[in-house]
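# A structural walkthrough
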Amino acid sequence: MSTFLPGVPSRRLALRPTLLALSAAASFGAAQAQGQPPLKVGLMLPATGTFAALGDMIERGFRLYVQEQGGKLGGREIQYFRVDDESDPSKATDNVNKLIKRDNVDVIVGTVHSGVALAMARAAKESNTMLIVPNAGADALTGAMCAPHIFRSSFSNWQPGYAMGVVAGQKGVKRAMTITWNYAAGAESTKGFTEGLEKSGGKVVKDLNLPFPNVEFQALLTEIAAQKPDAVYAFFAGGGAVKFVKDYAAAGLNKTIPLYGPGFLTDGTLEAQGASAQNMLTTLHYADDLNTPKNNAFRKAYALAYKSQPDVYAVQGYDAAQILGAGLKAVNGDIAKRDQMSAAMRKITVDSPRGKFTISPAGNPVQDIYLREVKGNNNEFRSVAVKSLSDPARGCKL
Ligand code: PHB
């Protein structure tokens, strides 16, 4: 366990069998949970590579919620197992099997990278293990590959992309270019953007890409300068987003061609991006300054626990724990009742720092997507870009 994470208190309530045997159904459930061993949660996240900081934030958010519940979900203590997936799809099946077969976890939480998450979903389906995805947006996870025990606490790649396309159209963009890494998340995010933009008659004149996680942007920036589109839509995240936004500004392009993106382009990255990101507009399901009791309490608790500010990834980790907690509560901690648990998890309204959201039948958040503007080190709320946006869940058959 990393030293910066708050310890999970291992308070064990003394068993009082005679009292419990006579008490109401709720406390009977609690007694059942108490008799059970700790719930094994497998965290498969990147601890190295361009998405390392995102993995850290997710884990911190998850542990914060568990800690707020006294270290238990559904009455069960939580035991963590961790694997660094390195955001490497070629190692994903071996890595997830360490959790499923070696550690025998009850539930898997992960990951950031879409390609890795797709391999995790296949392994989770084969072994009938519950999977909660706290970031990766691969549309298929809650689309063609949807399954009763697969959930997402984050977004589909289509969602923020589509919303940005709608906003760009409203701003009069007619000719746009896109730029991203050549993998599922980049392709789907730009596809969502294109779909949103086309609604108002705009179009994408060229899609540019480079292999993940390369950051040699110069030749592509030269092409953007030559084509002079009305706007550029970019999907990058983590270390790659820092470098791209800085390079775009260093090339002077931000003065003439607005740079738009899903909020990953500027979330968790602003300190490093500095002046180069100021005033940028992005769309996402979170904004730092949402002035709601829930977000204010979350940010305060996070700052207290970790002496730093949270971002969207911490919110997604926190909400993954909330969704798991709600499911476990419905079955009094008995994860063997997986069908009942999954059905309950599809019915909840999550009281998230992002605002309340529901879970679609396919297992994906139905949520507001905000337009945000970078001011200093914050992504500030400007407006609701699209209200209660549900992923189309193309190809999902349950
Ligand atoms: C993804 O691979 O789905 C992905 C990665 C990083 C993000 C968002 C999506 O910030």
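Because the structure is predicted, anything quoted here is derived from the model rather than measured.

## What about the sheet that holds strand E3 (residues 76-84)?
Read from one edge to the other, the open sheet built from 6 strands follows the order E2-E3-E1-E4-E5-E6, with strand pairing classed as mixed. Of all the strands in the sheet, the pair left with one neighbour each is strand E2 (72-73) and strand E6 (150-152). The sheet contact formed by strand E1 (residues 39-45) and E3 spans 7 bridges and is parallel. Bridged to Leu45 within E3 is Asp84. Helix H3 (residues 52-68) rests against E1, E2, E3 and strand E4 (107-109) of the sheet, and its axis sits at about 175 degrees to E3. Of the strands in this sheet, strand E5 (130-133) and E6 are in contact with helix H13 (residues 338-345), which crosses E5 at around 25 degrees.

## Looking at the site of the ligand
Around the ligand, the surrounding shell holds 16 residues, and the nearest of these are Ser114, Gly137, Tyr183, Ala237 and Tyr313. At 3.4 Å, a backbone N or O of Val112 approaches an oxygen atom of the ligand. Interatomic distance of 2.8 Å between a side-chain N/O atom of Tyr313 and an oxygen atom of the ligand. Residues that form the shell around the ligand fall into these classes: 11 nonpolar, 5 polar and no charged.

## Quick look at the packing of aromatic side chains
Within this structure, the stated rule accounts for 21 aromatic pairs. Considering the side-chain rings of Phe62 and Tyr80, the 6.1 Å spacing of their centres and the 80 degrees angle between planes classify their relative orientation as edge-to-face. Separated by 18 residues along the polypeptide, Phe62 in helix H3 and Tyr80 in strand E3 bring together distant segments of the chain. Given the relative accessible area of 1%, Phe62 is considered buried. Through pairs of rings, three or more aromatic residues link up here, namely Phe51, Phe155, Trp181, Tyr183, Phe212, Phe217, Phe235, Phe236, Phe244, Tyr248, Phe264 and Tyr313. Positioned over the ring face of Tyr80 is Arg63, at 4.0 Å from the centre of the ring.

## Some points on helix H12 (residues 312-330)
With 19 residues, H12 extends 27 Å from end C-alpha to end C-alpha; this agrees with the ideal 27 Å at 1.5 Å per step. The buried count for H12 comes to 16 of 19 residues, which makes it a mostly enclosed element. One side-chain oxygen at the N-terminal end of H12 lies 3.0 Å from the backbone nitrogen of Tyr313; it belongs to Asp311. Trailing H12 by a residue or two, Asn332 shows a phi angle of about 50 degrees, which is positive.

## Considering the packing of H3 against H12
Relative placement of two packed helices is described by the angle separating their axes and the distance separating the axes. One way to put it is that H3 packs onto H12 with a least axis distance of 6 Å and a crossing angle of 40 degrees. Considering their axes alone, H3 and H12 lie oblique with respect to each other. The two elements H3 and H12 meet at a crossing, and its hand is right-handed. On H12, the residues that touch Leu54, Met57, Ile58, Gly61, Phe62, Leu64, Tyr65, Val66 and Glu68 of H3 are Tyr313, Ala314, Gly317, Tyr318, Ala320, Ala321, Gln322 and Leu324. Within the contact of H3 with H12, the residues separate by chemical class into 13 nonpolar, 3 polar and 1 charged.

## What about the pairing of strand E10 (residues 259-262)?
As judged from the 2 bridges shared by strand E9 (residues 231-235) and E10, these two strands associate in the parallel manner. What sits directly across from Tyr233, in E10, is Tyr260. Here E10 pairs with strand E11 (residues 281-284) via 2 bridges, running parallel. Bridging from a neighbouring strand, Pro262 pairs with Thr283 of E11.

## Details of helix H5 (residues 114-127)
Under the 1.5 Å per step criterion, the end-to-end length of H5 is 20 Å for 14 residues, consistent within 8% with the ideal 20 Å. Counting buried positions along H5 gives 10 out of 14 residues, so the element sits mostly inside the fold. Three or more residues of H5 are buried, namely Ser114, Gly115, Val116, Ala117, Leu118, Ala119, Met120, Ala121, Ala123 and Ala124. Where the residues of H5 are buried, they touch E1, helix H4 (92-102), E4, E5, E6 and helix H7 (184-198).

What counts, and where the lines are drawn
Residues numbered from 1 in each chain as written. Predicted model: local features only at pLDDT ≥ 70, side-chain atom pairs only at ≥ 80, totals over all residues. Heavy atoms only, no water. Pairing = 2+ DSSP bridges. Helix = DSSP H or I, 4+ residues; strand = E, 2+ residues; numbered from the N terminus. Contact = heavy atoms within 4.5 Å. Axes fitted to C-alpha atoms, helices over the stretch in contact; angles between N-to-C directions. Near = heavy atom within 4 Å. Polar contact = N/O pair within 3.5 Å; in protein donor to acceptor, adjacent residues only side chain to side chain. Nonpolar A, V, L, I, M, F, W, Y, C, P; charged D, E, K, R; others polar. Phe/Tyr/Trp six-rings, centres within 6.5 Å; stacked < 30°, edge-to-face > 60°. Buried < 20%, exposed > 50% of the residue type's maximum accessible area, 1.4 Å probe, protein only. Lys NZ or Arg CZ within 6 Å of the ring centre and 35° of its normal. Expected span 1.5 Å × (residues − 1). Parallel < 35°, antiparallel > 145°, perpendicular 65-115°, else oblique. Left-handed = near helix turned anticlockwise from the far one by under 90°.

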